[in-house]
Amino acid sequence: MKKLLTAAMGLLLAGAAHAEDVTLQLKWVTQAQFAGYYVAQAKGFYEEEGLNVTILPGGPDVAPTQVIAGGGADVVVDWMPSALAAREKGLALVNIAQPFKSSGMMLTCLKESGVATPADFKGKTLGVWFGGNEYPFLNWMNKLALKTDGSDVTVLKQGFNVDPLLQKQAACISTMTYNEYWQVIDAGVKPEDLVTFKYEDEGVATLEDGLYVLEDKLKDPAFEEKMVKFVRASMKGWKYAEANADEAAMIVLENDETGAQTESHQKRMMGEIAKLTAGSNGALDAADYDRTVAALMSGGSDPVITKAPEGAWTHQITDKALQ
């Protein structure tokens, strides 16, 4: 028996020694928005695939595209508009998986500001996130034929907080269904005093929270196979998180080294995130991709991208991961 245990331990140690390292850069701080990856790590899904995954939190000063360009990560979580814009500028990113099926982005407005429909945006100040997050907004304003130079709407470069709405510096601000909207509510504003416009409902939504790697690295069969394993384990984590939202939220909290997150907020966030990942098996839907590309090319005189990516911009790692 002792020999068997020793042999088993030896096999485990050998497996650990040969585990392949993967570094994942998140788009934002540790929160339920990224629960699938933390769940995959906590539940041993990465370990089962022979992977040793390091998850790097993001933040206001972290740009995933810059991190991967500098060699600081193997794979990053980013929104497709940002990835496409970076690709057109020379950073050859490809999408290897799309865990998020729907967009959580919206504008949240104070009802007292007089905004009841998108037609009421004219003459108002609107809070907008930049750093690659502004592209869906600019496309929407172009669709509404509203100039963003101050003649039609005034764009307030919004920090990653809800202060401009609470302090009434803007009629509307950018929020996510799973995060900032609830920060407004928690600040004491009643839902009936707000008007929200979801990008999905307005027909201007673009894909969010996909997994991206550098195209050249996929020419290495070993790296490609490692990404197949990573996607397979990550999607297992996401589906587990969907089905076990409260447990997933607690796993996220265990990984929050800042102590800034709360149990109630993370559980609520996870419930909303599950709505956005529902229906995705990780594969990038061609129609969703085409819609995003078309939206970003319709920016009038200043489109986000000027042409659709040539060739196989999307690398279907998921085809192998789902086999």
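Not measured: the values here are computed from a predicted model.

(A) Just unusual backbone geometry, in detail. Its identity as a non-glycine residue notwithstanding, K168 has a phi of 60°, on the positive side. Checked against the element boundaries, K168 lands in the loop between α7 (163-166) and β8 (172-176). Phi is positive for D209, which is not a glycine, with a value near 45°. Tracing the backbone through its elements, the reader meets D209 in the loop between β9 (194-198) and β10 (210-214). By relative accessible area, D209 is classed as buried at 1%.

(B) Quick peek at the side chain of T30. With respect to the helices and strands, T30 occurs in the loop between β1 (20-25) and α2 (35-42). Take T30: its relative accessible area is 5%, and that puts it in the buried class. For T30, the side chain forms a polar contact with the side chain of Y38, separated by 2.9 Å. Other than its neighbours up to four places away in sequence, T30 contacts Y38, P57, V252, N255, D256 and Q261.

(C) Expanded view of the sheet that holds strand β3 (residues 75-78). Here we have five strands laid out as an open sheet, ordered β2-β1-β3-β10-β4, and mixed in their pairing. Strand pairing shows two members of the sheet lacking a second neighbour, β2 (51-56) and β4 (93-97), which therefore form its edges. Here the strands of the sheet are splayed against their neighbours by 35° on average, with no regard to which way each runs. In this structure, β3 lies alongside β10, joined through three bridges in antiparallel fashion. Residue V76 lies in a different strand from β10, and its bridge partner there is Y212. Across the sheet, helix α9 (residues 221-243) touches β1, β2, β3, β4 and β10, and the angle it forms with β1 is around 65°.

(D) A look at the pattern of salt bridges. A complete count under the given rule lists 18 salt bridges for this structure. Ionic pairing is found between E242 and K239, a salt bridge with its closest N-O pair at 2.6 Å. Highlighted residues: E242 and K239, both in helix α9, separated by three residues, approximately one helical turn. Several salt bridges share partner residues, and in doing so they unite K101, D285, D288 and R291 into one network.

Calculation rules
Residues numbered from 1 in each chain as written. Predicted model: local features only at pLDDT ≥ 70, side-chain atom pairs only at ≥ 80, totals over all residues. Heavy atoms only, no water. Helix = DSSP H or I, 4+ residues; strand = E, 2+ residues; numbered from the N terminus. Buried < 20%, exposed > 50% of the residue type's maximum accessible area, 1.4 Å probe, protein only. Polar contact = N/O pair within 3.5 Å; in protein donor to acceptor, adjacent residues only side chain to side chain. Contact = heavy atoms within 4.5 Å. Pairing = 2+ DSSP bridges. Axes fitted to C-alpha atoms, helices over the stretch in contact; angles between N-to-C directions. Salt bridge = Lys/Arg side-chain N within 4 Å of Asp/Glu carboxyl O.

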